[in-house]
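Observations on the three-dimensional arrangement
Here is how the chains run, residue by residue.
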Amino acid sequence: MNPSRAQLHELYYFLRLNRRVDEQLVNFYRQGKVVGGVYSSLGQEAISVGTAYALEAQDFVAPLIRNVGVMLIRGFRPRDVFLQYMARKDGPTGGRDANTHFGDLARGVLAPISMLGETLPVCCGIALAARMRREPRVAVAYIGDGGTSTGSFHEGANFAAVQKLAVVIVAENNGWAYSTPTEKQMAIRSLTERAQGYGIPAASVDGNAVLAVHAAMAKAAAHARSGRGPFLIECRTMRMKGHAEHDDARYVPKALLEKWRKRDPILLFEKFLRAKKLMTPKEKTSIEERLESEIRAEAAFADSSPLPPGEDAARPVWA
Ligand SMILES: Cc1ncc(C[n+]2csc(CCOP(=O)(O)OP(=O)(O)O)c2C)c(N)n1
Ligand SMILES: [Mg+2]
């Protein structure tokens, strides 16, 4: 599937929206309004946007904290993200959980959780149920380089392979897991080597090139949907900030960040669109204006929502 001109503009819009949501979250964080940390997807937006955009409505996604872009594409609004991060009354969990820990099964979005690797076995369950019900559904598990070292990742990947489940694993290799660089995390060069060990076909793509990511996901989803089993996509990228906003990432070599800053996914895509004459300066300005007024309104809405009343805390938690 080659995206049309309108779809390319939509991809561009979502990349920028993902970035603007992040920036606004940092503003709220600095104003002391965020409960907990802010986990940025700076520099990794093309992975969330490119993969989610290639899916169909009936597919399921299991995003993680750096996949705000996935949630935006699945129909959540910036206000949902802001409200949740600020633990406000009108947020998706009414202030009961923080950051991106919310989902909606009707939208095919499994709520992100902290336990790394655990959503892969859940995706296996979704794919297994889909096969039993003869529904052409693909379940997509997002995971970081560090998360692929867990026991649940191993169990999930192995089960998906043996059962030939319609699962796609999006493995974001951003070079770091907290302060641990990938080479101290695993003795392999690429996360595709993990896939080989399970008998899962895999591809490694430039995670900062949104169209490359999109094409890889389209292929992987078609593979899974046709009953040929799981697929793993390694997206090579770089975590451009610390683990979260409180971490200044002083352990990351400055030269490495400089190298990747030149490969910013939004800049790369703008360059492509300009070179191929696929977006005029006027079209770009109109997208930017739309983004600014949207973010302003969404942020104002979220900021005017109150904190939940204390007596609400345990109410819908227990059956
Ligand atoms: C099973 C498990 N072990 C440890 C942690 C603590 N922890 C949270 S994030 C993180 C690093 C994750 O690195 P990676 O998977 O590469 O994702 P990234 O932060 O780079 O997106 C760790 C160790 C956890 N949440 N779950
Ligand atoms: Mg990582």
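Going by the structure above, here's the rest.
Residues numbered from 1 in each chain as written. Chains lettered and ligands numbered in written order. Predicted model: local features only at pLDDT ≥ 70, side-chain atom pairs only at ≥ 80, totals over all residues. Heavy atoms only, no water.

Observations regarding helix α8 (residues 210–228)
Its 19 residues give α8 an end-to-end C-alpha distance of 25 Å, which sits within 8% of 27 Å, the value for a rise of 1.5 Å per residue. Every buried residue of α8 is accounted for by Val 210, Val 213, His 214, Ala 216, Met 217, Ala 220, Ala 221, His 223 and Ala 224. Positive backbone phi, at 100°, marks Gly 229, one or two positions downstream of α8. (Helix = DSSP H or I, 4+ residues; strand = E, 2+ residues; numbered from the N terminus. Expected span 1.5 Å × (residues − 1). Buried < 20%, exposed > 50% of the residue type's maximum accessible area, 1.4 Å probe, protein only.)

Description of the pattern of salt bridges
One pass over the full model with this rule turns up 24 salt bridges. Arg 16 is the partner of Glu 288 in a salt bridge, and the nearest nitrogen-oxygen pair spans 2.9 Å. Of the two residues, Glu 288 sits in helix α11 (residues 281–304) while Arg 16 sits in helix α1 (residues 5–30), which places them 272 residues apart along the sequence. For Glu 288, a relative accessible area of 21% gives the class partly exposed. Residue Arg 225 pairs with Asp 59 through a salt bridge whose shortest N-O separation is 2.8 Å. Of this pair, Arg 225 sits in helix α8 while Asp 59 sits in the loop between α2 (45–53) and β1 (60–62), placing them 166 residues apart in sequence. (Salt bridge = Lys/Arg side-chain N within 4 Å of Asp/Glu carboxyl O.)

What to know about the sheet that holds strand β2 (residues 139–144)
The strands that make up a sheet pair up through hydrogen bonds in the backbone, lying either parallel or antiparallel. Pairing is parallel across the open sheet formed by five strands, whose spatial order is β1-β2-β3-β7-β6. Looking at the sheet topology across the chains shown, the edges are occupied by β1 and β6 (202–206). Mean inter-strand twist for the sheet, computed between neighbouring axes without regard to direction, equals 20°. Sheet topology note: the β1/β2 ladder contains three bridges and is parallel. Note that in β2 the partner of Phe 60 across the bridge is Ala 139. (Pairing = 2+ DSSP bridges. Axes fitted to C-alpha atoms, helices over the stretch in contact; angles between N-to-C directions.)

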